[in-house]
Amino acid sequence: MTHHHLEIDSLRIALDGNVLLELDAHIGPGEILTVMGPSGSGKSTLLAWLAGFLAGDFEASGHAHLDGRDITHLPAEQRGIGLLFQDPLLFPHLSVAGNLRFGMPRATRDKPRQVETALEQIGLAGFGDRDPATLSGGQKARVALMRLLLSRPCAVLLDEPFSKLDTHLRQEMRQLVFTQLRQAGLPSLLVTHDRDDAASAGGKVIELTH
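Residues numbered from 1 in each chain as written. Predicted model: local features only at pLDDT ≥ 70, side-chain atom pairs only at ≥ 80, totals over all residues. Heavy atoms only, no water.

Per an unreviewed UniProt entry, the recorded name for the protein chain is ATP-binding cassette domain-containing protein, and the organism is Billgrantia montanilacus.

This is how it looks when you write it as structure tokens:
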């Protein structure tokens, strides 16, 4: 297994001259750093900067390194970072298997057994031909997670991925997501306002303030 590392060095983000956040962090293989804070504290801005989507209105200084490679100014698709959002964002025109294949590197998309194994891994064996619209919220979240993992990212950003699930399902998905990320050895950054998310992630917690 490759040991991935994500480093945030001397990050400073400002808007109209007002500093939103300043951060230094190192996330090792399988570690989950949780960033908490109220709305407007800069959580989403941090994710946008790391992912490569930060709007031009913001002034950012500092660097992001992934496995020693400076990704600060790379376009989003070249960074090697996977994203998991509040909504599963499955493609409605593709089957469950089609959604998983879409996430896979092009060279491996024609390996049906890999898709079947992936579905078994998330408790959805036999669901490959299903229309995503027929899945429950928890099943959609599982497919989104596996599509992310099959894309073979080197690091993962999680944007409050459990906030729209009911309480029981939330705990189940936390356990599944964090276990999979640890087993894959992926450095991950979780943005949330839910302290139960932070406790389940089990890693360092950084609190942002206004």
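(A) A look at the sheet that holds strand β6 (residues 81-84). Strand order in the open sheet formed by 5 strands is β6-β7-β8-β3-β9, with parallel pairing between adjacent strands. Pairing within the sheet leaves two strands with one partner each, and these edge strands are β6 and β9 (205-207). When strand polarity is set aside, the average angle formed by the axes of neighbouring strands in this sheet is 20 degrees. Bridge count for strand β3 (residues 32-36) against strand β8 (residues 188-192) is 5 bridges, and the pairing is parallel. (Pairing = 2+ DSSP bridges. Helix = DSSP H or I, 4+ residues; strand = E, 2+ residues; numbered from the N terminus. Axes fitted to C-alpha atoms, helices over the stretch in contact; angles between N-to-C directions.)

(B) Just the environment of Val 115, in detail. Here Val 115 is to be found in helix α3 (residues 112-121). Judged by its relative accessible area of 4%, Val 115 falls in the buried class. In the structure, Val 115 is positioned 15 residues away from Leu 100 in sequence and 6.8 Å away in space, judged by C-alpha atoms. Residues within four places of Val 115 in sequence aside, it is in contact with Ala 97, Leu 100, Arg 101 and Met 104. (Buried < 20%, exposed > 50% of the residue type's maximum accessible area, 1.4 Å probe, protein only. Contact = heavy atoms within 4.5 Å.)

(C) Fine view of helix α2 (residues 96-103). Among the 8 residues in α2, 6 count as buried, and that is most of the element. Among the residues of α2, those classed as buried are Val 96, Ala 97, Gly 98, Asn 99, Leu 100 and Gly 103.

(D) The arrangement of the layout of surface pockets in detail. Estimates place the volume of the largest pocket at around 390 Å³. Taken together, 16 residues make up the lining of the largest pocket; nearest its centre are Gly 82, Leu 83, Arg 147, Leu 148 and Ser 151. Put simply, the parts of the chain that give the lining of the largest pocket at least two residues each are β6, α2 and α4 (137-150). The residue makeup of the lining of the largest pocket, split by class, is 11 nonpolar, 3 polar and 2 charged. (1 Å grid on protein atoms, 1.4 Å probe; cavity = no way out; pocket = protein on both sides within 12 Å on 5 of 7 lines; lining within 4 Å. Points joined across faces, edges and corners; volume = space filled by probe spheres on them. Nonpolar A, V, L, I, M, F, W, Y, C, P; charged D, E, K, R; others polar.)

(E) Layout of the packing of aromatic side chains. Within the structure shown, the criterion is met by 2 aromatic pairs. Plain terms: the ring middles of Phe 91 and Phe 102 are 4.6 Å apart, the flat faces sit at 65 degrees to each other, and that makes the pair edge-to-face. A residue pair is termed long-range when its members are at least 10 positions apart, and Phe 91 in the loop between β6 and α2 and Phe 102 in helix α2 qualify at 11 residues. Phe 91 sits in the partly exposed class, given a relative accessible area of 26%. Geometrically, the ring pair formed by Phe 162 and Phe 178 is edge-to-face, given 5.6 Å between the ring centres and 80 degrees between the ring planes. Taken as a pair, Phe 162 in the loop between β7 (155-159) and α5 (167-183) and Phe 178 in helix α5 lie far apart in primary sequence, 16 residues in all. (Phe/Tyr/Trp six-rings, centres within 6.5 Å; stacked < 30°, edge-to-face > 60°.)

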